[in-house]
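Chain by chain, the residues run as shown.
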Amino acid sequence: MCGIFAYAGSENAVPLLIEGLRSVEYRGYDSAGISVIDASGVIQTVKRGDHKASLENLAVTVGDGQLSGVVGIGHTRWATHGQVNQQNSHPHSSSNGVVSIAHNGIIENFLELKDELVDSGIEFLSETDSEVLAHLVGKSVASGSSLREAVIGAASRIKGNTAIVAVSAAEPNIVVGLRVGNAGGIVVGKNADAAVMASDTIALLPYTTEVIYLEPGEVVEIEKGAIRLFDLEGLSIEREPIITAQNFEAAQKGNHPHFMSKEIAEQPDAIQSAMRGRVDFAAGTISLPEVTLTSEQIRSIDRVILTGMGTSLHAGMFGASVIESLARIPAAAENSSELRYRNPVIGPKTLVIAVTQSGETADTLAAMEHARRAGSPQAVVLELEGSQASRIADFTLPIRAGQEIGVASTKTLIASMTTLLQLAAVLAETRGVIGTTAVRSIVESIAELPSLVATALGLIGQITALAERLSKFDDLLYLGRGAQLPIAFEGALKMKELAYIHAEGYPAGEMKHGVNALLGPNMATVVSAPQNDLYEKMLSNISEVKARGGEVAAIATEGDVMIERVADHVIYVPKCHELLQPFMTLIPMQLLAYRTALALGRDPDKPRNLAKTVTVE
Ligand code: M6R
């Protein structure tokens, strides 16, 4: 995930920017760059697009001391739009040279804005979406706006979650930062000699332990020894700094009380990272350079088996559903501890896809070994590259969610789902089941996924009261159908592991075959029922529960008033393409479990009896 560091003070900013970027480099990057305002008031930019060597190469390039200035911005990029190279690295300058900006997030309407800017005579130097911001800000500054007004004005033109930092030759003492939605945070701090701004608290600790976190919809100006906070209307905001504990763990949590809440909030970012370099938003294409199968091999696959454990198995179930529906290949997900011992009939035409955050889960590794012996081509969808699973698989699809510390998986699930959705599209296109128009329409839909998830994250307000209510039950039932079934399973798993409430995930169509015997006032039911082909069936299932005296909480599509007539509680998620509905309904499931755990006084980061990595069977 991209990282930001900015400095305004009295020392030479250049080495400080490099150090600041080093402290956010663990987020992952493929390019790095800085802009400083030199003694003559000119913005000087140096950047590198050398993959993992970028930051070190940048440090060497500026290490000769030629470049200096007391105000500057720095950025580590993880490419989303355009190749990894120097031109596409941040910061980007406006064509009139008056401003330089760095940006985290995806600008969903960048093509439209780019066309408008090109028509007005501006020449683009990069393939990035971010460059539009540099020109929008530069034009406003040239026509007399302050840097702050210009950044706010530019942000109001773009669609999508965004974090921006900017410097202007017209106001050489300040740096402006802005946050809209969830595209990575911005935190600021100051001491008598400087003010600093970064994506992560850890980068501020050499300067101060008193920090201010920008909320979505806020803008900040920093200058030596001063921080000024505003809303997007330009009204000043007063906020006392928070004293952050001086340790890495607390700093990593930022302003979140738990790693889990931080990791839930990072999901829009995780989705973007999983799409980086794979989805070309301008061309409307999806490619997975990591896939080593030939087109002929892909066409010869006659079955796909996805395997994993716990939450990763649920990702696999989602993957099976999208692979079957998009690529029309028979696909099923199976628990690795079962797959490994049942001597399955698999061979060279069975594509096996393992899903594992850690890459070290004992049962998943054993199932993968079995597939290898059977001669099946094998992929692994994985967070921790270099782990054992990547050595067994023929190829690895990194999910790039960033380190997940909470034992309960959240952002790694959403990033695995994003990766599997892209894989399904690639398999479908290679097999000729869908054409370029259908792929373009998938790209248009998934371009909105980070903002849709960010909107769903705003549900936390609706969730708290429901969580209080659910915390009173000893038994919960979670129902879903189709692509919502893994989400129901995941909702139940999260509730069990975090709140220690007995919770069962069930296919809604299975109720009459046994589970109805449990219905009644002592068991509440959570139903995942967005509007799709199976919606009416879900309404009938809700009525079945109600008829037996059960209490129902439904997760439904925004604007669905019908469901309020049958369910006791309704949590609305944004309307979206049907393929993306599981991403929407997943968010309230995570939030519900988290909030219920808090209502019951549990520690959501360290559930009892559970480990993050299960290396024994
Ligand atoms: O590292 P893995 O993804 O292979 O781990 C598999 C499960 O242990 C894991 O998904 C577990 O179910 C979750 N942490 C629960 O939230």
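Here the structure is a predicted model, which means the values were calculated and not measured.

Chemist: I'm lost on the packing of aromatic side chains in this one. Help?
Modeler: Both the distance between ring centres and the angle between the ring planes are used here to describe each pair of aromatic rings. Here the structure, examined in full by the defined rule, presents three aromatic pairs. Between the aromatic rings of F5 and Y207, the centroid separation amounts to 6.2 Å while the plane-to-plane angle is 35 degrees, which identifies the pairing as tilted. Linking F5 in strand β1 (residues 3–9) with Y207 in the loop between β10 (194–198) and β11 (210–213), this pair joins segments that are 202 residues apart in sequence. Here F5 falls in the buried class, since its relative accessible area comes to 0%.

Chemist: Sorry, what's going on with the domain arrangement of the protein chain here?
Modeler: Interface size is often expressed as the accessible area that is lost when the parts come together. Splitting the protein chain by domain gives domain 1 (3–252), domain 2 (264–438) and domain 3 (454–599). The C-alpha centroid of domain 3 is placed 26 Å from the C-alpha centroid of domain 2. Contacts between the two partners involve 20 residues from domain 2, matched on the other side by 21 residues from domain 3. Taken over both partners, the interface formed by domain 2 and domain 3 buries close to 1600 Å², and the fraction arising from carbon and sulfur atoms is 80%. When the buried area of domain 2 at its contact with domain 3 is split by residue, I264, H314 and M317 rank highest and sum to 29% of it. Between domain 2 and domain 3 we count zero salt bridges in total. Across the contact surface, domain 2 and domain 3 share five residue pairs in polar contact (both at pLDDT 80 or more). Those elements that provide at least two residues to the side of domain 2 that touches domain 3 are α7 (259–265), α8 (267–275), α10 (310–327) and α14 (411–430). Residue contributions to the side of domain 2 that touches domain 3 peak at eight residues, all from α10.

Chemist: Before we go on, may I ask you to explain unusual backbone geometry in this structure?
Modeler: Backbone phi values are negative for most residues with the exception of glycine, while trans is the configuration of most peptide bonds. For the bond running from H90 to P91, omega is -5 degrees, close enough to zero to count as cis. For P91, the location among the structural elements is in the loop between β4 (71–77) and β5 (92–93). Phi at R400 is positive, roughly 55 degrees, even though this residue is not glycine. With respect to the secondary-structure elements, R400 resides in the loop between β22 (395–398) and α14. Unusually for a residue other than glycine, Y500 sits at a positive phi of about 60 degrees. Along the chain, Y500 turns up in the loop between α18 (485–499) and β24 (502–507).

Definitions and limits used
Residues numbered from 1 in each chain as written. Predicted model: local features only at pLDDT ≥ 70, side-chain atom pairs only at ≥ 80, totals over all residues. Heavy atoms only, no water. Phe/Tyr/Trp six-rings, centres within 6.5 Å; stacked < 30°, edge-to-face > 60°. Helix = DSSP H or I, 4+ residues; strand = E, 2+ residues; numbered from the N terminus. Buried < 20%, exposed > 50% of the residue type's maximum accessible area, 1.4 Å probe, protein only. Domains from an automatic or database assignment. Contact = heavy atoms within 4.5 Å. Buried area = accessible area lost by both parts, 1.4 Å probe. Salt bridge = Lys/Arg side-chain N within 4 Å of Asp/Glu carboxyl O. Polar contact = N/O pair within 3.5 Å; in protein donor to acceptor, adjacent residues only side chain to side chain.

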